[in-house]
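One letter stands for each residue in the lines below.
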Amino acid sequence: MKVAVIGAGYVGLVTASCLAELGHEVVCMDRDLRRVELLRAGVVPIYEPGLDSLIQRNAQDQRLFFTTRLADALEGAEVLFIAVGTPPCEDGSADLGHVLAVARQVAALLTRPLVVVNKSTVPVGTAEQVQGVLNAGLAARGLGGLAVTVISNPEFLKEGAAIDDFMRPDRIVIGLPSGPLAERTRAVMTQLYASLNRHHERTVWMDLRSAELTKYAANAMLATRISFMNEMANLADLVGADVDAIRRGIGSDTRIGPSFLYAGTGYGGSCFPKDTRALMKTAQQHGSQMQLVEATERVNQAQRQVLSRRVIEHFGGDLRGLRFAVWGLAFKPQTDDMREAPSRHLIRQLILRGAEVVAHDPVAMDAARAVLADDLADIPDGIARLKLVGDATSVLDGADALLVVTEWKQFHNPDFGLIQESLRQPLIIDGRNLYDPQALQELGIAYQGIGRRNALALRSQAQAARRVPAAPALATA
C-alpha cells in the first residue's frame, strides 16, 4: 500500500519506518527542510535504538522517502497518518493547531479517496473536528462527495523500545466512525496491518471517541502506578520497611503484575505529564473531575524533589563549596528526551543553593546542554557551576556525593572501589534503587535509596535472627 506520514518527529519516524519495513511504500513529509535533508542523508535527528538502521535500510530499498511537499506525500496515498505535535497549552489542554492545519492543507490538495489516521495523541472529539475541516475544505472545492474518512489509531510506543512496540504490539487500537464508509475503512486498515495480525488478531476495534480516550486512560493508569509506588516508598521510609521487597511482594500477584512498580524520582518525558494534564482538562470541560489523576500529578510533582530533599537533609540548605556528581540526565534510559526529566529539577535546586554539579548521560548530553542552559539562565553564575562530561567516571573526582537519576544499564554494575576512592566522602543517593544497601555498607559506602532507608537495619535484624543458636531440646521422661 502507499502511505503518507505527516510529521517526522518521534511518532512519525517510527511509524513511517516500521510501515516501510512491513513492505509498504511510505512518504514521510515534514516542513523542516533541515530535518528532511538530514533524513535523506541517513542521519536521524532523534535517538531511538535501531531507528537509524531501519530508516537507512528502507530508504535504500526505495520503500521510504522524505519530502517537504505535502503534494508529494499525497500522490497515490491510500492512507495518511497525522503524526504532528500536540503541545500543551498553559491550561493543560492539548494544542490542536498543527493537527487542524494539516487537515486544512490536505483538503486543499486532495483529489482521491483517503483514510486519514489521527496518530497524534489528541483529546476526545478530535477526529470529528478533523473530519469537519476536511469536509468543509473539500466541499468548497466541489469535491464534497469524495470518500474521505478520519479514524483514530493512537500510538503506544515506549521511548527506547518503540520499534519493538510497533512491530510486536500488545494491541492495535482503531476507532472507526459510523456510517457507510466504515466497512471500507476497516478493510483498508486490516490490509495495512495484516502482517502484525498474521499469527493472532491484535486489533481492537471501537468507536472514535473510545479510541481517543483509550490512549489517555492507558498513560494515566501507568502514571498512577508510578505515583502509587512512590507514595509507598515514602511511607516505607517512615515505618521502617523496604519498598523493593514490597514491589516484589505485590508484583507477584497476577492481578497486579510487576510493570511500573519501581519507586524513584517521579515520571517525566513527553507523554505522562502532558497526557495526565490533558485528561484532567477534558474532564473539567465536561463538568467532571479526575480526582485520582489529579492526585497522581500532585504526587509526581512532589516526588521530583526527593533527591534534592535527601541532599539538603544530609548536607544542609547551604551547599556552597560542595560538588555533586550526577549519573543520568534523560527522563529514562534508551532516550535523549529531556522533557520534564527529574534531573532538571534536581540540578536547578543544587545550583540554586550554591553547589557545583558535574553530570554525565550516555546519550542525552547535547539535549541536556540546551535545556539546562535555559533552566539555569536566571541564576547568577548558574551555568558556570554546571559541567557536563563525556564519561561516567570523571564526574566522580572530588565530588561530595554521587546522585543516580536515570537507570542506564551502564550504571548498574559500577566499580564501587573507584567510586569510594574518587568521592570526597563515600555517599551514594540512588534515585532508582539500583544498588544493594547491604553490599555497599560492607564496602564502607553510605547509601540512600528511595523507600529503602531502613533496609540495612531490617537485613541486620534478619541476619542476627539467623545467627541465634537453636534452643536445647527439652528432656523427655
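Here the structure is a predicted model, which is why all the values come from computation and not from measurement.

(A) The packing of helix α13 (residues 306–315) against helix α14 (residues 342–352), seen in detail. Where α13 meets α14, the closest approach of the two axes is 8 Å, and the angle between their N-to-C directions is 30 degrees. In terms of their interaxial angle, α13 and α14 are classed as roughly parallel. Residue-level contacts link L307, S308 and V311 of α13 to H345, L346, Q349 and L350 of α14. Residues that form the contact of α13 with α14 fall into these classes: four nonpolar, three polar and no charged.

(B) Expanded view of the side chain of E212. Assignment of secondary structure puts E212 in helix α9 (residues 208–239). Buried charged residue E212 carries no salt bridge. Nearest counter-charge: R209, at 5.5 Å. At a separation of 2.7 Å, a polar atom in the side chain of E212 contacts the main-chain amide nitrogen of G125. Setting aside residues up to four positions removed in sequence, E212 forms contacts with V122, P123, V124, G125, T126, A127 and S152.

(C) Expanded view of the pairing of strand β2 (residues 25–29). Of all five residues making up β2, four are buried, and the element is well covered by its neighbours. As judged from the five bridges shared by strand β1 (residues 2–6) and β2, these two strands associate in the parallel manner. Along β2, the bridge assignment pairs K2 with E25. Taken together, β1, helix α1 (residues 10–21) and β2 constitute a β-α-β crossover, and its handedness is right-handed. Relative to strand β3 (residues 64–67), β2 is paired through four bridges, and the arrangement is parallel. In the strand pairing of β3, V27 is matched with F65.

(D) How the structure looks around the sheet that holds strand β12 (residues 401–404). Read across the sheet, six strands follow the order β11-β10-β9-β12-β13-β14 without closing on themselves; strand pairing throughout is parallel. Edge positions in the sheet fall to β11 (386–388) and β14 (446–448), since each has one partner strand and no second. Strand-to-strand, the axes of this sheet are offset by a mean angle of 20 degrees, without reference to chain direction. As judged from the five bridges shared by strand β9 (residues 323–327) and strand β10 (residues 356–360), these two strands associate in the parallel manner. Counterpart to R323 in the pairing with β10 is E356. Most of the contacts of α14 go to β10, to which it runs at about 155 degrees, and overall it touches β9, β10, β11 and β12.

Reading guide: rules and limits
- Residues numbered from 1 in each chain as written.
- Predicted model: local features only at pLDDT ≥ 70, side-chain atom pairs only at ≥ 80, totals over all residues.
- Heavy atoms only, no water.
- Axes fitted to C-alpha atoms, helices over the stretch in contact; angles between N-to-C directions.
- Helix = DSSP H or I, 4+ residues; strand = E, 2+ residues; numbered from the N terminus.
- Parallel < 35°, antiparallel > 145°, perpendicular 65-115°, else oblique.
- Contact = heavy atoms within 4.5 Å.
- Nonpolar A, V, L, I, M, F, W, Y, C, P; charged D, E, K, R; others polar.
- Buried < 20%, exposed > 50% of the residue type's maximum accessible area, 1.4 Å probe, protein only.
- Lys, Arg positive; Asp, Glu negative; His and termini not counted.
- Salt bridge = Lys/Arg side-chain N within 4 Å of Asp/Glu carboxyl O.
- Polar contact = N/O pair within 3.5 Å; in protein donor to acceptor, adjacent residues only side chain to side chain.
- Pairing = 2+ DSSP bridges.
- Right-handed = clockwise from strand over helix to strand, strands pointing away.

These figures come from the coordinates and say nothing about function on their own.
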